[in-house]
Structures are given as C-alpha cells and as structure tokens.
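Structural description and commentary
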Amino acid sequence: MTDADTATDTAGGRTGAATRPTRPGPLTGLLAVAMPLLVVVAVTTDRFLTVDNARAILASAAFVGITAIGATLVMIAGSAVSLATSQTATVVAMVFLATQQLGLATAVLIAIACGVALSAAQGAAIGFGQANPIVLTIAAGFAIGGAATWFSGGTPVYPANRAFELLNATPLGLPLAVYVLLVVTVLAQWTLRRTTAGRQMYLIGENRAAARAAGLPVGRVTVIAWAFFGACTGLTGMFLASFNTSATVNLGGTLTLDAIAAVLVGGTAIAGGRGSALHTLGGAVLISVISDVLLLRGYSTGVQILVKGALVLAVVIIVHLRSTRGTR
C-alpha cells in the first residue's frame, strides 16, 4: 500500500470523528432564544409580510449565501476567514462588466476564473507556505482593492451591452441567484460529505499538524477549498454587477462581514473541523432577515453593521467558551 493510499484510508477512518453530530450547545440555546424574538419583531414590522419583501430577502440571502457557502469550506479546512471577500467580488464584477463585448458566456467564464485565481493564490500561500490567513487576506484586501481602483480609475465601470441582464431573470417569480444558491449549496454539501477532498478538509481543520504527519495533502486540499470559495465569490460579484448595472470600488459593501456572520451563525467552527453548507444556508437567510427588518424599521447602514457585528462577536465568544470548557 502506498503512502497516498494510507493517507486516504486515514482520512476515511477519521472522518466519522470529525463530522459526527454533536449535542446541542450554547450556540443552539442562543438561537432558540433569539429566533422567537426575531419572529415577533419581524411580523410586527410594517411591510415585512409581503411577497415583494420575501423576494427581496431571498435575493439578499442569495448574494450573501453564495459567498458564505464557499467560505464554509475555507473555514472547515482550518483557514479561518477571508478579509478580502468584498474586494474580490468588486474586482470580479468590474471584469465581468468590462468583458461584456466578448459575449455573456465568455464574460462569465473570465469572471469566475478571475475569482478562482485570486482566491486560489491565497489558498496556496496558506496551504503550502503556511501563511497566517488573517494577515494574508488583510494584505490581499488592500492589494485587490488597489487593483480595483486602478482598473476603474476610481469611476464606475459600465458594460458595453445589456447581455448581463439575463442574470437578473426571475424564473417562477424568484431571482436566478436564488436557484444558483441552492445548486451551490447542494454541490458544496456533496463535496464535503461524499468526496475524499471534502472529508480531508474536516481532518485538516481539526488538526493541521496531525494531518501533515498522516501524509494528507494539506496544501492541495487547502487550495481546493479556496478555489471553490473564489468561484462562489465570482458568482456573487457577477450577480451584484448585474443587479446594480455598474460596478464601483464600493460595490462589495459589507459582503465580507455578512458572509462571515452567515458561516458562524450556521455553526461552522472558526478554528475548523466542523461545519455544514446546509447550516450556512440557514445562517445566510437569518442574516438577510435581520438586515431587512432593520432596514424596514428605518435604521441606518451603520446600525445594521453594528447589529451583525455584535451577533458575530456573541457567536465567537460562545464557541470559544464551549471549546474552553471542553478542554478542561
């Protein structure tokens, strides 16, 4: 038996431990208390219980959710979070609109390739070079943001034609992005549960040093996780560009925070080794509902960011306390 076979057998043997369900913890308790409160606030908010608002929530959840699903794989694989998400989506959006004259299909392929390349490069530095993901993605965010400013000259990027409007289609009354979100969720969940690379992501996130010692391809698997994340960010960038019909350096907005919040609220461990694409989907919908309620009640963007930031902080503290208690 080769070393590769041994590593694969090790992955298969330990995946059950890394992916087995855990008993409800403090985070579940927090959601159990918060959800009824959110429901009461939501149903008492003017215009919340309307068809148009439901569509708006789903569209918002799709933009955040597609990116968050990709970020779930990165976090499960032990690479923490990307702080360059908004900038990456912005650059992809600009490239997508700037290449419309080449045809929609070509523009889509170029945009996704751009997202994959930008993210996979970061994954390679983390997986093979063992770079700190937080420091690396902060630096990447500045570099990519600078590239966006240089590419656009600080002015909005407009398309040469309107072919991109196909991405704004609403089959059966729902935005196309919603269907893409569901497909991406299923694909991510299948990858995590049914493929060797997906199962190895759990093992690497659980204990990177042990995974290296066992002969698992840590670098390659990390790059795969980041490449998937890049493709998801690229999809989000294209949908944002199509929805806004132009792209500015601020197009990404709070996407970074929203995606992180969705992943964490969905129960993915920030240290890696535990998580689910399906749970992240629920987290994305929850974040979108919170944003929608705050918007309908007239709160500013600053207040919305404050609330989501406080939610992320609460989740991180609860998860930290749970892990600390577990090691005693």
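Above this note sits the structure.
Overview of the structure. (Residues numbered from 1 in each chain as written. Predicted model: local features only at pLDDT ≥ 70, side-chain atom pairs only at ≥ 80, totals over all residues. Heavy atoms only, no water.)

**Examining the overall build of the protein chain**
- Helices and strands together make up the secondary structure of the protein chain, namely 13 helices and 0 strands.
- Of the regular secondary structure in the protein chain, the N- to C-terminal order runs α-α-α-α-α-α-α-α-α-α-α-α-α.
- Evaluated residue by residue, the protein chain yields a buried proportion of 47% over its 328 residues.
- Look at the contacts in the protein chain between residues 6 or more apart in sequence, and 80% of them connect residues 24 or more apart.
- If you sum the accessible surface of the protein chain, you get close to 14800 Å²; carbon and sulfur atoms cover 68% of it. (Helix = DSSP H or I, 4+ residues; strand = E, 2+ residues; numbered from the N terminus. Buried < 20%, exposed > 50% of the residue type's maximum accessible area, 1.4 Å probe, protein only. Contact = heavy atoms within 4.5 Å. Areas by Shrake-Rupley, 256 points an atom, 1.4 Å probe, with all protein chains shown as cover.)

**Let's talk about the side chain of Thr85**
- By the secondary structure assignment, Thr85 is in helix α4 (residues 85-98).
- A relative accessible area of 3% means that Thr85 is categorised as buried.
- The residues touching Thr85, leaving out its near neighbours within four places in the chain, are Thr67, Phe229, Thr233, Leu255 and Thr256.

**What about the nonpolar core?**
- Counting residues in hydrophobic clusters, the biggest one holds 52 residues, and the most contacted among them are Phe96 and Met201.
- Where this core is concerned, the elements lending two or more residues are α3 (51-76), α4, α5 (104-127), α6 (133-152), α7 (176-194), α8 (196-206), α10 (218-244) and α12 (277-296).
- Examining the composition of this core, we find that 10 residues originate from one element, α10, more than from any other.
- Sequence-distant contacts of Phe96, that is, excluding residues within four places in its chain, are made with Leu104, Ala107, Val108, Ala111, Phe164, Leu167, Met238, Ala241 and Ser242.
- By size, the runner-up hydrophobic cluster in this structure holds 29 residues, among which are Val81, Trp226, Ala262 and Val312. (Core = buried A, V, L, I, M, F, W, Y, C linked by side-chain atoms within 4.5 Å.)

**Observations concerning the pattern of salt bridges**
- A complete count under the given rule lists 4 salt bridges for this structure.
- Residue Glu165 is joined to Arg162 by a salt bridge in which the shortest nitrogen-to-oxygen separation is 2.7 Å.
- Glu165 sits in the partly exposed class, given a relative accessible area of 37%.
- Asp258 is the salt-bridge partner of Lys308, the closest N and O atoms lying 2.8 Å from each other. Taken together, the residues span a long stretch of sequence, with Lys308 in helix α13 (residues 301-326) and Asp258 in helix α11 (residues 255-265) at a distance of 50 residues. (Salt bridge = Lys/Arg side-chain N within 4 Å of Asp/Glu carboxyl O.)

**Observations concerning a nonpolar patch on the surface**
- Together, Ile134, Val135, Ile138 and Phe142 make up an exposed nonpolar region whose accessible area comes to about 390 Å².
- Mapped onto the elements, Phe142 comes out in helix α6. (Patch = residues over 30% accessible without salt bridge, like charges linked within 9 Å, V, L, I, M, F, W, Y side chains within 5 Å.)

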